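In case you want the letters, here they are:
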Amino acid sequence: MKIDLKRTDSAPAAFDLQIDAEDIELETDLARIDGPVLATGTVSNGEDITIVEADVSAPLVIDCSRCLAQTPLKKELSFRTAFVFSEQLSEEQEVELDLNDLELSVAEDDEVDLTDIIREQIILSLPASPLCSENCKGLCEICGGDLNKVNCNCKQEETDPRWAALKDLGK
Ligand SMILES: [Zn+2]
Ligand SMILES: [Zn+2]
């Protein structure tokens, strides 16, 4: 859905979208979209600023950063973000908008794509190191086994050769 930044209706327009997974490729290694993304919200066209508010529900699959397991993650997020068409923006307004503590994007074009906005917000909401669970034990550094599933004995058998050498000296 394209949002026309030049429109100046005062009544907010509501949207209720379902975006298919193939239409919202995240282009990040952190997560993949795993089903239709639902977005409801409003677009409010003001004098020169357009405010987009939305609640998004996105079924994702993340790769656990410790054990690498593919893990479903239902991402729910809400955002409120404002757009101005660069040609319509004066410097004064830029300062004022900054003070208003509103996330503001200056668009070079006179329209923005809602799917792009939603994609960006999903990426922003992703954790830098996603985990399958808070208690994930990760992979064994020695045998590579998934410590959530196997109980390898690598740690116990592990001896640092330098310590072994010192031990020999002590004899
Ligand atoms: Zn994990
Ligand atoms: Zn091991």
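A few points on the structure. (Residues numbered from 1 in each chain as written. Chains lettered and ligands numbered in written order. Predicted model: local features only at pLDDT ≥ 70, side-chain atom pairs only at ≥ 80, totals over all residues. Heavy atoms only, no water.)

1. Some remarks on the overall build of the protein chain
Here comes step 1: Of regular secondary structure, the protein chain possesses 4 helices and 8 strands.
Here comes step 2: The secondary structure elements of the protein chain, listed N-terminal to C-terminal, are β-β-β-β-β-β-α-β-β-α-α-α.
Here comes step 3: Burial analysis of the protein chain (171 residues in total) assigns 35% to the buried set.
Here comes step 4: Sequence separation of 24 or more characterises 61% of the internal contacts of the protein chain that already satisfy a separation of 6 or more.
Here comes step 5: Of the accessible surface of the protein chain, which amounts to about 11,000 Å², a share of 47% is contributed by carbon and sulfur atoms. (Helix = DSSP H or I, 4+ residues; strand = E, 2+ residues; numbered from the N terminus. Buried < 20%, exposed > 50% of the residue type's maximum accessible area, 1.4 Å probe, protein only. Contact = heavy atoms within 4.5 Å. Areas by Shrake-Rupley, 256 points an atom, 1.4 Å probe, with all protein chains shown as cover.)

2. Observations regarding the coordination of the zinc ion (ligand 2)
Here comes step 1: Taken together, Cys140 (SG), Cys143 (SG), Cys152 (SG) and Cys154 (SG) make up the full set of protein donors to the zinc ion (ligand 2), lying 2.2 to 2.3 Å away.
Here comes step 2: Every donor counted, the 4 donor atoms about the zinc ion (ligand 2) form angles of 106 to 112 degrees at the centre, which fits tetrahedral coordination.
Here comes step 3: Positions of the donor residues of the zinc ion (ligand 2) along the chain correspond to the pattern C-x2-C-x8-C-x1-C. Taken together, the residues span a long stretch of sequence, with cysteine 143 in the loop between helix H2 (114–125) and helix H3 (154–157) and cysteine 154 in helix H3 at a distance of 11 residues.
Here comes step 4: Take cysteine 143: its relative accessible area is 46%, and that puts it in the partly exposed class. (Donors = N, O, S within 2.8 Å, 3.2 Å for Na, K, Ca; no water. Tetrahedral: all angles 85-135°; square planar, octahedral: opposite > 155°, others 65-115°.)

3. Section: the pattern of salt bridges
Here comes step 1: Inspection of every chain in the model, using the stated rule, returns 6 salt bridges.
Here comes step 2: In this structure, the salt-bridge partner of aspartate 146 is lysine 149, at a minimum N-O distance of 3.6 Å.
Here comes step 3: In this structure aspartate 146 comes out as buried when scored by relative accessible area, which is 14%. (Salt bridge = Lys/Arg side-chain N within 4 Å of Asp/Glu carboxyl O.)

4. A look at the coordination of the zinc ion (ligand 1)
Here comes step 1: The coordination sphere of the zinc ion (ligand 1) contains the protein donors Cys64 (SG), Cys67 (SG), Cys132 (SG) and Cys136 (SG), at a distance range of 2.3 Å.
Here comes step 2: If you look at the zinc ion (ligand 1), its 4 donor atoms make angles of 107 to 113 degrees with each other, and the shape they trace is tetrahedral.
Here comes step 3: For the zinc ion (ligand 1), all donor residues lie on one chain, and their spacing in sequence is C-x2-C-x64-C-x3-C.
Here comes step 4: Classification of cysteine 136 as buried rests on a relative accessible area of 6%.

5. Structural notes on the nonpolar core
Here comes step 1: Ranked by size, the top nonpolar core spans 29 residues in total, and within it Val37, Val52, Val56, Ile118 and Ile122 carry the most contacts.
Here comes step 2: Those elements giving two or more residues to this core turn out to be strand E2 (13–19), strand E3 (31–33), strand E4 (37–45), strand E5 (49–63), strand E6 (70–85) and H2.
Here comes step 3: It is E5 that contributes the most residues to this core, 6 residues altogether.
Here comes step 4: In this structure, isoleucine 122 is in contact with Ile24, Leu26, Ile33, Val37, Val56, Ala58, Leu60 and Leu77, ignoring residues within four places of it in sequence. (Core = buried A, V, L, I, M, F, W, Y, C linked by side-chain atoms within 4.5 Å.)

6. Observations regarding the side chain of serine 57
Here comes step 1: Along the chain, the position of serine 57 falls in strand E5.
Here comes step 2: Side chain to side chain, serine 57 and glutamate 76 meet in a polar contact 3.4 Å long.
Here comes step 3: Setting aside residues no more than four positions away along its own chain, serine 57 makes contact with Pro36, Val37, Leu38, Lys74, Lys75 and Glu76. (Polar contact = N/O pair within 3.5 Å; in protein donor to acceptor, adjacent residues only side chain to side chain.)

7. Looking at a negative patch on the surface
Here comes step 1: Negative charge collects at one region of the surface, where Asp4, Glu87, Glu108, Asp109 and Glu111 lie side by side.
Here comes step 2: Looking at where glutamate 111 falls in the secondary structure, it is placed in strand E8 (residues 111–113).
Here comes step 3: According to the relative accessible area criterion, glutamate 111 is partly exposed, its value standing at 36%. (Patch = residues over 30% accessible without salt bridge, like charges linked within 9 Å, V, L, I, M, F, W, Y side chains within 5 Å. Lys, Arg positive; Asp, Glu negative; His and termini not counted. Charge placed at Lys NZ, Arg CZ, Asp CG, Glu CD.)

8. Re the pairing of E6
Here comes step 1: The pairing of E5 with E6 spans 15 bridges and is antiparallel. Directly across from alanine 58, in E6, lies its bridge partner lysine 75.
Here comes step 2: Between E5 and the antiparallel strand that follows it, E6, lie 6 residues; leucine 68 among them carries a positive phi value of about 70 degrees.
Here comes step 3: With 5 bridges connecting them, E6 and strand E7 (residues 103–107) associate as parallel partners. Residue pairing for E7: threonine 81 is matched across the bridge by glutamate 103. (Pairing = 2+ DSSP bridges.)

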